[in-house]
Amino acid sequence: MSKGRLFIIFGTIFGGVGVLLLGIAIVLAAMTASFLARADRTDGTVTALTDKVSTSQDSSGYRRTRTSWYPTVEFTTPDGRRFSFRGSVGSNPPAYDVGERVLVAYDPGDPSDARIATFWSAYLIPLIFGGIGVVFASIGVPFFVIGWRRLRLRSWLRRHGQEIWAEVAHVGRNANVRLNGRHPFVVQARWQDPRTGQTFTATSDYLKNDPSPWLTAQPGVRVLFDPDDPKRNFVDLGNQPAPS
């Protein structure tokens, strides 16, 4: 698999997830803003704090537990009806104390649909989705751009690059990359620019199988490079036979 295509796949996945999360964040924020715009407001009282325990496991297998406290708020509408609800955002330590007064926003047509009318309580969930979306998109977009540029460079070199047959300098696994749980093989070739005598190194695509048995029968490998910038190059392990 070519590095450019791998980068594009990686960037598309991360960028796509980031865009999706950003879209969810925008929708949730718009729904929250719409609710707050039409909601009535009144004072409420925190009547209880409910704990919720969550468990997570890190890469080393260590299990961590975290307790979050969710406030239960009670309020009374102008017509004397009493309602209560549990806040959707928990925290540790608790953000509120029992008996604390808070501003409540509620749907006048359905007062059971209510929430604490502070910015963080109302918009924390959209902000979380948006923040994670920004992180994923900021990772995915650069990888996608790099991959796209690599593929463009490869296409350009196939049409306009200079060909040279270079000696194999190294064949081995790339320990920095995993494809399907395995480190892929790469071939590195070294050659001298015929104009300047300067030595350059080119690298092949990621290979699933060890190419060493095939390379032993070849006097060299084909390298395509930009004559104006020999650092722009790649080892082309196509089906063209090497010169005898």
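Before any of the text, the structure's been laid out above.
Residues numbered from 1 in each chain as written. Predicted model: local features only at pLDDT ≥ 70, side-chain atom pairs only at ≥ 80, totals over all residues. Heavy atoms only, no water.

Participant: Give a detailed account of the sheet that holds strand E1 (residues 40-57), specifying residues and quantitative values.
Facilitator: With antiparallel pairing, 5 strands are arranged side by side in an open sheet as E3-E2-E1-E4-E5. The outermost strands of the open sheet, each flanked by one partner alone, are strand E3 (82-86) and strand E5 (110-116). Between one strand axis and the next, the sheet turns through 40° on average, direction left out of account. Pairing analysis gives 4 bridges linking strand E4 (residues 101-107) to E5, with the strands arranged antiparallel. (Pairing = 2+ DSSP bridges. Helix = DSSP H or I, 4+ residues; strand = E, 2+ residues; numbered from the N terminus. Axes fitted to C-alpha atoms, helices over the stretch in contact; angles between N-to-C directions.)

Participant: So what's going on with the environment of Leu20? Residues and values would help.
Facilitator: Checked against the element boundaries, Leu20 lands in helix H1 (residues 3-38). Classification of Leu20 by relative accessible area gives exposed; the value is 55%. Each C-alpha atom, one on Leu20 and one on Gly133, is 7.3 Å from the other, the two residues being 113 residues apart in sequence. (Buried < 20%, exposed > 50% of the residue type's maximum accessible area, 1.4 Å probe, protein only.)

Participant: Hey, could you go over the sheet that holds strand E6 (residues 162-173) for me, with residue numbers and the actual values?
Facilitator: Backbone hydrogen bonds are what pair the strands of a sheet, in a parallel or an antiparallel way. The strand order E8-E7-E6-E9-E10 describes an open sheet built from 5 strands, whose pairing is antiparallel. Pairing within the sheet leaves two strands with one partner each, and these edge strands are strand E8 (199-203) and strand E10 (229-236). Each adjacent strand pair in this sheet contributes to an overall mean axis angle of 40°, direction not counted. Packing of helix H2 (residues 119-160) onto the sheet brings it into contact with E6, strand E9 (221-226) and E10, and relative to E10 it is tilted by some 90°. (Contact = heavy atoms within 4.5 Å.)

Participant: Provide a residue-level description of the nonpolar core, including the pertinent values.
Facilitator: Grouped together as the largest cluster of nonpolar side chains are 14 residues, with contacts concentrated most on Ala189, Trp191, Val223 and Val235. At the level of elements, E6, strand E7 (185-192), E8 and E9 are the ones that each hand at least two residues to this core. The dominant element in this core, judged by the number of residues it contributes, is E7, at 4 residues. The contact partners of Ala189, leaving out residues within four places of it in the chain, are Ala166, Glu167, Val168, Ala169, Phe200, Thr201, Ala202, Val221, Val223 and Val235. (Core = buried A, V, L, I, M, F, W, Y, C linked by side-chain atoms within 4.5 Å.)

Participant: Before we move on, could you go through the pairing of E6 and cite the residues and values that matter?
Facilitator: For E6 and E9, the ladder comprises 5 bridges, and the chain directions are antiparallel. Residue pairing for E9: Gln162 is matched across the bridge by Phe225. Both E6 and E7 contribute to a ladder of 6 bridges, which runs antiparallel. Its bridge partner lying in E7, Val171 is registered against Val187.

Participant: Describe the packing of H1 against H2, and please don't skip the residues or the numbers.
Facilitator: Pairs of packed helices are described in terms of their axes, by the angle between the two and the distance that separates them. Between H1 and H2, the least distance of the axes is 6 Å, while the angle of their chain directions is 155°. Relative to H2, H1 is oriented roughly antiparallel. Helix-helix and strand crossings are classified by hand; for H1 and H2 the assignment is left-handed. Classifying every residue of the contact of H1 with H2 by side-chain character gives 28 nonpolar, 10 polar and 3 charged. (Parallel < 35°, antiparallel > 145°, perpendicular 65-115°, else oblique. Left-handed = near helix turned anticlockwise from the far one by under 90°. Nonpolar A, V, L, I, M, F, W, Y, C, P; charged D, E, K, R; others polar.)

Participant: Which residues make up H2, and what values go with them?
Facilitator: The end-to-end C-alpha separation of H2 is 58 Å, in line with the 62 Å expected for 42 residues at 1.5 Å each. Within H2, burial applies to Ser121, Ala122, Tyr123, Pro126, Gly130, Gly133, Ala137, Gly140, Gly147, Arg154 and Leu157. Residues of H2 that are buried sit in contact with H1, E5, E9 and E10. (Expected span 1.5 Å × (residues − 1).)

Participant: Describe in detail the pattern of salt bridges, supporting the description with residues and values.
Facilitator: Scanning the entire structure with this criterion turns up 10 salt bridges. Measuring nitrogen to oxygen at the nearest pair gives 2.6 Å for the salt bridge that ties Arg222 to Glu163. Here Arg222, found in strand E9, pairs with Glu163, found in strand E6; they are 59 residues apart in sequence, far enough to count as distant. Residue classification places Arg222 among the buried positions, given a relative accessible area of 13%. Given the relative accessible area of 41%, Glu163 is considered partly exposed. Across the pair Asp236 and Arg222 runs a salt bridge, and its minimum N-O distance is 2.3 Å. Here Asp236 is found in strand E10, whereas its partner Arg222 is found in strand E9, with 14 residues between them in sequence. Its relative accessible area of 7% is what places Asp236 among the buried residues. (Salt bridge = Lys/Arg side-chain N within 4 Å of Asp/Glu carboxyl O.)

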